[in-house]
Amino acid sequence: MSGTLLEQARNLHEDLEILEKAMYRELGDPATAHLKRVDEVARDQVVATLLDAHTQRAKRLAAVYEDGDGARREEIQAMSGSTVFSAFYDQLKLLRDYHRKHNIAPPSEVYERELLVDVLEGANEQTFTGEEAEGRYLDMHALHEAYINLKGVDKETDYASYLKAAAQLANVPKPTALTSGYVRYVKSLRDYWEGFLTRTQPLLPLADILTKATTAFDERWAKGEFSRWQGGGAEKENGGDPISLEGVSSAAELEVHGLEKLKAELAAQQERHRAVMASLKASSDGWFVDRAAADTADAQAKPQSDKPSDKANRVAEGMNHFLQFCIFPRCVFSPADAVFCAKFVHHTHAQGTPYFSTLQYYDKLLRDISVHIFACTERQAQNLGRFLNESLKLLGHWKSGEEVYRNECAKLPGFSTSFINQQANAKKASYEDFVKVVFKWYCKILKALMACLDSKEYMEVRNALHVLTRIIEVFPGMRKLCEHLERKVDVLRSEERKDLQIQASQYYSMLQKAKPKLLTQDQFCCGVPMKSDGGAAESAAAAADGKKEGAPAAAAAADPKTPAAKPAAKPAVRVAKG
């Protein structure tokens, strides 16, 4: 079209006339038109395409006449006044040049045909499946299959019966209607019906119909006319059953239950949580007191000694039993159990369980994890890594600041330096001692993992890599420890066994990605000095080898000279270090 707005308006008017004539020819005289259903659908689709093109051009023409920027008014003013003839011939020259340049012929049947071909070929093709037979039938086989797989519906419903009942959504049992699977099914059903109507009745003002229906529904909902879903009727029909979270993948899927139901469910959950926490607190007093002696065959015949050293040994043996029979078997069972074990230990510490030494627990857990890595299957090693990841996260949180340590650790018996003194004013490990012992544990973990990676046992190396990939968020944590691991894993990247080579390369890449976030020894230890006469590497080596004691008070509380807990199913060829 020409660059002038008046010429644009003229061309748009011409296009509108051509499209209107084409629609009239397609529709013809409704009184005399007798088409088959297939031909009628095809005709309506053509008319709908022409109508869309007509609407788009009409909007553009309306914008020209609205003259929002005043360009059309200026163009008309330039063609009036004393220079009207010169302006006219200037416009005529521009118009001729434009038509000559673009080889535009006068309006003719050729231009009309080209316009219609351009409009119809640019339209989206509306296709039908074989079952739909060009729009004569519905094809709801996929929806039927989704329906019979819903919970609470008749699994024997055949396709014909389903077609009759598909629109009767009010007959679906409410427990079924509240599931996330049913919500997805209804959305798929709505999308199919809207698409089918759009393809078979393209001239139907579907958007207007749906808008009116939505407005009418909102008005009835506001009046509370849907007793099945509003008020007491809904609660009676549902029987007060709790909301099932099975298959729920997002918060939006829970919205179908309604705000009041979700609030009631939250209140019930909170009450249940308070009851469980109260029950755990009430029963925790007897969890660890002299449990080791009670488990021995001669516990009743042999009187228990009240000497402090003997009592400390009994409490420490109870910790061994806790790890061996409670933590180790369950933390490798599944990913959920791995996280549960770490959270349960945290709760046991946080509620101030008597005779539960948090320091001793972590020391027995982390002093030699190679024993447990060796005894695991591949899947168990993955779960063990998740458990260690959660456990080390908690240590990192407590180590993050002296204020955090004072609020969450220093006031609780788990950080007492004496097992037998459970008084509130009992001496607790200081923050500096705790930081030192955490540093020692990290070095022990490094030493154990390096031993596993050096092993000649295929599964031990593979399990160690599984553990390492799952604790990458929290370990190695320090640059110096990372250097040791990096050299060892780099050797494994050239391993002859392809599975180990791939796994080592994967962990090596993860290690490179984590490098920028690693800390120096001083940063990791929050400024607490480890040694006055050595660097990070020497301190790490000394702590890992057990030749130096970095944290006297914390280490004394964590290591009461008792054997470490053994895994529940440990091979006889490996023993835990004392």
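Residues numbered from 1 in each chain as written. Predicted model: local features only at pLDDT ≥ 70, side-chain atom pairs only at ≥ 80, totals over all residues. Heavy atoms only, no water.

Undergrad: Teacher, can you tell me more about the overall build of the protein chain here?
TA: Counting its regular elements, the protein chain contains 26 helices and zero strands. Burial analysis of the protein chain (578 residues in total) assigns 40% to the buried set. For the protein chain, long-range pairs separated by at least 24 residues make up 73% of all intrachain contacts whose partners lie at least 6 apart in sequence. (Helix = DSSP H or I, 4+ residues; strand = E, 2+ residues; numbered from the N terminus. Buried < 20%, exposed > 50% of the residue type's maximum accessible area, 1.4 Å probe, protein only. Contact = heavy atoms within 4.5 Å.)

Undergrad: It is not clear to me how the packing of aromatic side chains should be interpreted in this structure. Could you clarify?
TA: By convention here, two paired aromatic rings are described through the distance between centres and the angle between planes. Scanning all chains against the criterion turns up 24 aromatic pairs. Their ring planes at 85° and their centres at 5.7 Å tell us that Trp 398 and Phe 415 sit as a pair that is edge-to-face. Taken together, the residues span a long stretch of sequence, with Trp 398 in helix H18 (residues 378-399) and Phe 415 in the loop between helix H19 (402-408) and helix H20 (431-453) at a distance of 17 residues. Relative accessible area serves as the criterion here: at 1%, Phe 415 is assigned to the buried category. Ring pairing ties together the aromatic residues Phe 288, Phe 322, Phe 356, Tyr 361, Tyr 362, Trp 398, Tyr 405, Phe 415, Tyr 431, Phe 434 and Trp 441, which thus form one cluster. Sitting above the plane of the Tyr 508 ring, Arg 493 keeps its charged end 4.0 Å from the centroid. (Phe/Tyr/Trp six-rings, centres within 6.5 Å; stacked < 30°, edge-to-face > 60°. Lys NZ or Arg CZ within 6 Å of the ring centre and 35° of its normal.)

Undergrad: I tried to follow helix H6 (residues 141-148) on my own but got confused; where do I start?
TA: The α-helix winds at 3.6 residues per turn, so residues separated by three or four positions along the chain end up facing the same way. Buried residues of H6: Leu 143, His 144 and Tyr 147, and no others. Down the axis of H6, the sector holding all buried residues measures 105°, keeping them to one side. Exposed positions of H6 whose direction lies more than 90 degrees from the buried face are Ala 142 and Glu 145. Residues of H6 that are buried make contact with helix H7 (159-165) and helix H9 (180-200). (Arc of directions from axis to C-beta.)

Undergrad: What exactly am I supposed to notice about the nonpolar core here?
TA: Nonpolar side chains in soluble globular proteins tend to end up buried together. Grouped together as the largest cluster of nonpolar side chains are 76 residues, with contacts concentrated most on Tyr 361, Leu 366, Phe 387, Phe 434 and Phe 475. Of all the elements, H20 adds the most residues to this core, at 16 residues. In contact with Phe 387, not counting residues within four places along its chain, are Ile 327, Cys 331, Ala 338, Cys 341, Ala 342, Tyr 361 and Leu 365. (Core = buried A, V, L, I, M, F, W, Y, C linked by side-chain atoms within 4.5 Å.)

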